[in-house]
Amino acid sequence: MCLAVPMKLVSREELKGVVELSGMRREISLMLLPEAQVGDYVLVHAGYAIAQVDEREAEETLELLREALAGEEA
Amino acid sequence: MNGFADPRLVRTLARAIAAEAEKLPRPVTFMEVCGTHTNAIAAAGLRRLLPSHVRLISGPGCPVCVTPVGYVDQAMALAEDPRNLVATFGDLLRVPASSGSLEQARATGCDVRVVYSPRDAVDLAAANPDRRVVFLGVGFETTVPTVAAAVLEAEKRGLANFFVLSGHKVMPPALEALLADPALRLEGLILPGHVSVIIGARAYRPVLARYPIPAVISGFTPVDVLRTVLELTKQVVEGRAELVNLYGRVVREEGNLTAWGMVEKVFAPCDARWRGLGDIAGSGLALRRPFASRDAGQFAVTLPTPREPAGCRCGDVLRGRIDPPECPLFATACTPDTAAGACMVSAEGACAAWYRHERFAGVA
Ligand code: SF4
């Protein structure tokens, strides 16, 4: 039930936002994340954006993992 | 961000865990507290990638599963009153009450509507001004802010006919109750990622200071979960017990302050009953005074004596005492189509996850 999905915020008008995932659009509320900006990936739960996804951190995580585990690759 | 399901990375991580696990002084058990993790782990078949002496067990983090039968009875009684329209997330529909379920109530003509968002329930209140719209508030910190926001929206729109039956629960007191249980032997915690988005890493620090144990805030992809298991294994090997946030792309130390601020405006802590864990002080949320008129608990209803399904061992599953196949009803009398207990009904319940994904593991 705590499932939340990252989707891209494609437009907003005050606290109403429109997010997109694989071509599907859905209206959500930005009441819990008023600082979200168009273009951000936001985590959506039960019709509300609840967090911004830090894409740079995501990329860095994967990069670091690949490096750290390079030794394990057989 | 598809890198988080990269099969090569998954394999490499599994190998790294196996190598690290060689150094373990004894077999270890880690608990995935969150039902969404239970489901993600089962769906990706991650248990099979782990060495036999690294065991994952499910915890009390499936909101529907820990909702006691008395709550469902109350929801049923409210649905039976024709003045009420009951709005609920779909997960709750088939959970057994002392007799019947909301789904069966609906089939006999009660007005029970499934909504995707609490906002939809507010819209139902606007569209049905002559009915009392009762939203069934079940969920943890991830979900509570959305209900708080819906209450504030109903206030703003002047919709006096929007009510909440609050069965909401918060995680830290439940973790404390688990960690205080001497019967449970745990070497590490996989902490719920989306609960943490709201309450932040800092919310766990007091509990973990009292009961030090390796604990990792984790995302839900295969790479996230395996990284978490690797970190927990390393901590055990090195004799550390630290809180590590490995879901930093969405979880911050302080959480989402706007969201939690809204929760604190609308709800106040109260004691709550959990299936399996019993009564836990300060683990529930009740509507605060200015919003008390929206508490659906005020409506007089006649309730049966709560009766948990006969033979169901959900309580032991939720405490991590048994794995689902150890329940005698598992996959015989109890299947997703003939569910005896909530842990088989909810998609996130441990029994349902095991039934769908692990039933034949080890048989082949
Ligand atoms: S298998 Fe069914 S009866 Fe047994 S604990 Fe799980 S839900 Fe309850």
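From a predicted model like this one, the values you see are computed outputs, not experimental measurements.

A.B. asks: Break down the overall build of chain A for me, with residues and values.
C.D. replies: On a plain count of helices and strands, chain A comes out with 1 helix and 5 strands. Reading chain A from its N terminus to its C terminus gives the helix and strand order β-β-β-β-β-α. A globule of 74 residues ought to have a C-alpha radius of gyration of about 11 Å, yet chain A, at 15 Å, is considerably larger. Structurally, chain A occupies a C-alpha span of about 50 × 25 × 25 Å along its principal axes. Within chain A, buried positions represent 41% of all 74 residues. Residue pairs at least 24 apart in sequence account for 30% of intrachain contacts in chain A once pairs closer than 6 positions are excluded. Accessible surface, chain A: about 4,000 Å² in total, of which carbon and sulfur atoms supply 49%. Of the side-chain charges in chain A, 7 are positive and 15 negative, and the distance between the mean point of each set is 9 Å.

A.B. asks: Residues and numbers for the packing of helix 7 (residues 144–156) of chain B against helix 12 (residues 257–266) of chain B, please.
C.D. replies: All names here are of chain B. Axis separation between helix 7 and helix 12 bottoms out at 8 Å; the angle between their running directions is 60°. Classified by the angle their axes make, helix 7 and helix 12 are oblique. Crossing of helix 7 against helix 12: the hand is left-handed. When helix 7 is examined against helix 12, the residues Val144, Pro145, Ala148, Ala149, Val151 and Leu152 are found in contact with a partner set consisting of Ala259, Met262, Val263, Lys265 and Val266.

A.B. asks: Kindly report on the confidence of the model for chain A, identifying the contributing residues and their values.
C.D. replies: Caution applies to low-pLDDT parts of the model: their predicted coordinates are not meant to be read in detail. Looking at chain A, the pLDDT average stands at 88 and 93% of residues meet or exceed 70. For chain A, the element scoring lowest by mean pLDDT is helix 1 (residues 55–68) of chain A, at 83; strand 5 (residues 48–52) of chain A scores highest, at 95.

A.B. asks: Could you give an account of the packing of aromatic side chains, naming the residues involved and the relevant values?
C.D. replies: Using the criterion set out here, one finds 5 aromatic pairs over all chains in the structure. Taken together, a centroid distance of 6.3 Å and an interplanar angle of 70° make the contact between Phe330 of chain B and Tyr355 of chain B edge-to-face. One end of the pair, Phe330 of chain B, is in the loop between helix 13 (314–318) and helix 14 (342–345); the other, Tyr355 of chain B, is in helix 15 (residues 350–357), with 25 residues separating them in the sequence. Note on Tyr355 of chain B: relative accessible area 17%, which makes it buried. Lying across the ring of Tyr116 of chain B, Arg26 of chain A places its NZ or CZ 4.5 Å from the centre. The side chain of Arg119 of chain B reaches across the aromatic face of Tyr48 of chain A, ending 5.9 Å from its centre.

A.B. asks: Explain a negative patch on the surface residue by residue, including any values.
C.D. replies: Residue and element names in this part refer to chain A. On the surface, Asp54, Glu55, Glu57, Glu59, Glu63 and Glu67 cluster together into a negatively charged patch. Mapping Asp54 onto the fold places it in the loop between strand 5 and helix 1. Residue class for Asp54 comes out partly exposed when judged on its relative accessible area of 30%.

A.B. asks: Can you explain the site of the ligand? Please cite residues and give values.
C.D. replies: Residues and elements named next belong to chain B. Every residue near the ligand is listed here: Cys312, Arg313, Cys314, Cys327, Leu329, Phe330, Cys334, Ala340, Gly341, Cys343, Met344 and Cys351. Under a 2 Å grid-point criterion requiring more than half of the atoms, the pocket assigned to the ligand is the largest cavity. Looking at side-chain class alone, the shell around the ligand contains 10 nonpolar, 1 polar and 1 charged residues.

A.B. asks: Please give an account of empty space enclosed by the protein that cites residues and values.
C.D. replies: All names here are of chain B. In this structure the tally under the stated criterion is 3 cavities of 30 Å³ or more. Size it by volume and the largest cavity reaches roughly 80 Å³. Lining the largest cavity are Cys312, Arg313, Cys314, Val317, Cys327, Leu329, Phe330, Cys334, Ala340, Gly341, Met344 and Cys351. Among the residues making up the lining of the largest cavity, the classes are represented as 10 nonpolar, 1 polar and 1 charged.

What counts, and at which threshold
Residues numbered from 1 in each chain as written. Chains lettered and ligands numbered in written order. Predicted model: local features only at pLDDT ≥ 70, side-chain atom pairs only at ≥ 80, totals over all residues. Heavy atoms only, no water. Helix = DSSP H or I, 4+ residues; strand = E, 2+ residues; numbered from the N terminus. Rg over C-alpha atoms; globule rule 2.2 N^0.38 Å. Buried < 20%, exposed > 50% of the residue type's maximum accessible area, 1.4 Å probe, protein only. Contact = heavy atoms within 4.5 Å. Areas by Shrake-Rupley, 256 points an atom, 1.4 Å probe, with all protein chains shown as cover. Lys, Arg positive; Asp, Glu negative; His and termini not counted. Charge placed at Lys NZ, Arg CZ, Asp CG, Glu CD. Axes fitted to C-alpha atoms, helices over the stretch in contact; angles between N-to-C directions. Parallel < 35°, antiparallel > 145°, perpendicular 65-115°, else oblique. Left-handed = near helix turned anticlockwise from the far one by under 90°. pLDDT = per-residue confidence, 0-100. Phe/Tyr/Trp six-rings, centres within 6.5 Å; stacked < 30°, edge-to-face > 60°. Lys NZ or Arg CZ within 6 Å of the ring centre and 35° of its normal. Patch = residues over 30% accessible without salt bridge, like charges linked within 9 Å, V, L, I, M, F, W, Y side chains within 5 Å. Salt bridge = Lys/Arg side-chain N within 4 Å of Asp/Glu carboxyl O. Near = heavy atom within 4 Å. 1 Å grid on protein atoms, 1.4 Å probe; cavity = no way out; pocket = protein on both sides within 12 Å on 5 of 7 lines; lining within 4 Å. Sits in = over half its atoms within 2 Å of the grid points. Nonpolar A, V, L, I, M, F, W, Y, C, P; charged D, E, K, R; others polar. Points joined across faces, edges and corners; volume = space filled by probe spheres on them.

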